[in-house]
Amino acid sequence: MAEQRVTLTPQVLAYDDFDDRSRMYFHRAGYRSDVVNTHEFSFRYSHGPGDGSASAGTVAQTGPVRLLAGSSTAFGIGARSDAATLPSRLWSADAPSAPWLNFAGRSYNSGQECTLFALYRHLLTRVTDIVVFSGLNNLALSRLPKEQRSDHGGFFNCGEYYEQMEELRQRRRAGIRIETEETGA
């Protein structure tokens with residue numbers, strides 16, 4: 001079955017490589033491949049007419065932009081290249097006058113999508129249109145056990161997250177010093 005997956009859609013190997021479970025909350029920054037590419041802020045590039053390309057944080061602050069917000073489908077999971085994503089197709093074919101930027105988060109629920117917009121809105125001065133392509137993950141995640149849904153709904157990999165948090169609490173209660181990879185302290 002896995003061999004068929006790669007035979008039919010060879011680009012999935014790039015998505016497998018792109019998937020970094022240690023960065024559970026957003027995409028890998030500055031990722032490069034023939035299939036998926038992200039900017040230093042982890043947003044996927046969109047491609048427009050000619051050789052135009054842009055992502056949140058790369059667009060000239062003087063011009064208007066349009067956003068496609070949402071989760072994996074808006075991000076373009078499975079697309080054979082950045083140019084084959086929905087924002088790129090909108091920009092290239094239907095609305096070439098202003099860039100359509102990919103403002104989506106893989107595996108995000110609607111609360112995470114809203115938070116993403118709130119955290120990175122400052123990168124864009126003139127947003128003329130926002131299309132929100134969202135909701136499927138909320139439905140899927142609503143089937144998680146109650147203890148994993150919390151007040152703000154469930155999120156992908158939340159079981160693993162809660163397990164790691166409980167492990168940290170137990171270590172703290174036991175007086176074990178917790179070291180981080182970044183600081184070594």
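Refer to the structure above for everything that follows.
Below: a short report on this structure. (Residues numbered from 1 in each chain as written. Predicted model: local features only at pLDDT ≥ 70, side-chain atom pairs only at ≥ 80, totals over all residues. Heavy atoms only, no water.)

**Considering the packing of aromatic side chains**
The full count for this structure, using the stated rule, is four aromatic pairs. Aromatic side chains Phe41 and Tyr120 sit 6.4 Å apart centroid to centroid with 55° between the ring planes, which places their arrangement in the tilted category. Of this pair, Phe41 sits in the loop between α2 (12-18) and β1 (46-47) while Tyr120 sits in helix α5 (residues 110-120), and the two are 79 residues apart along the sequence. The exposure class of Phe41 is partly exposed, given its relative accessible area of 29%. Positioned over the ring face of Phe75 is Arg44, at 5.1 Å from the centre of the ring. (Phe/Tyr/Trp six-rings, centres within 6.5 Å; stacked < 30°, edge-to-face > 60°. Helix = DSSP H or I, 4+ residues; strand = E, 2+ residues; numbered from the N terminus. Buried < 20%, exposed > 50% of the residue type's maximum accessible area, 1.4 Å probe, protein only. Lys NZ or Arg CZ within 6 Å of the ring centre and 35° of its normal.)

**Concerning the nonpolar core**
Counting 28 residues, the largest nonpolar core has Phe43, Leu101 and Leu124 as the members making the most contacts within it. Among the elements of the structure, α2, β3 (65-70), α3 (72-75) and β4 (100-104) are those that each provide at least two residues to this core. Here this core takes four residues from β4, the largest share from any one element. (Core = buried A, V, L, I, M, F, W, Y, C linked by side-chain atoms within 4.5 Å.)

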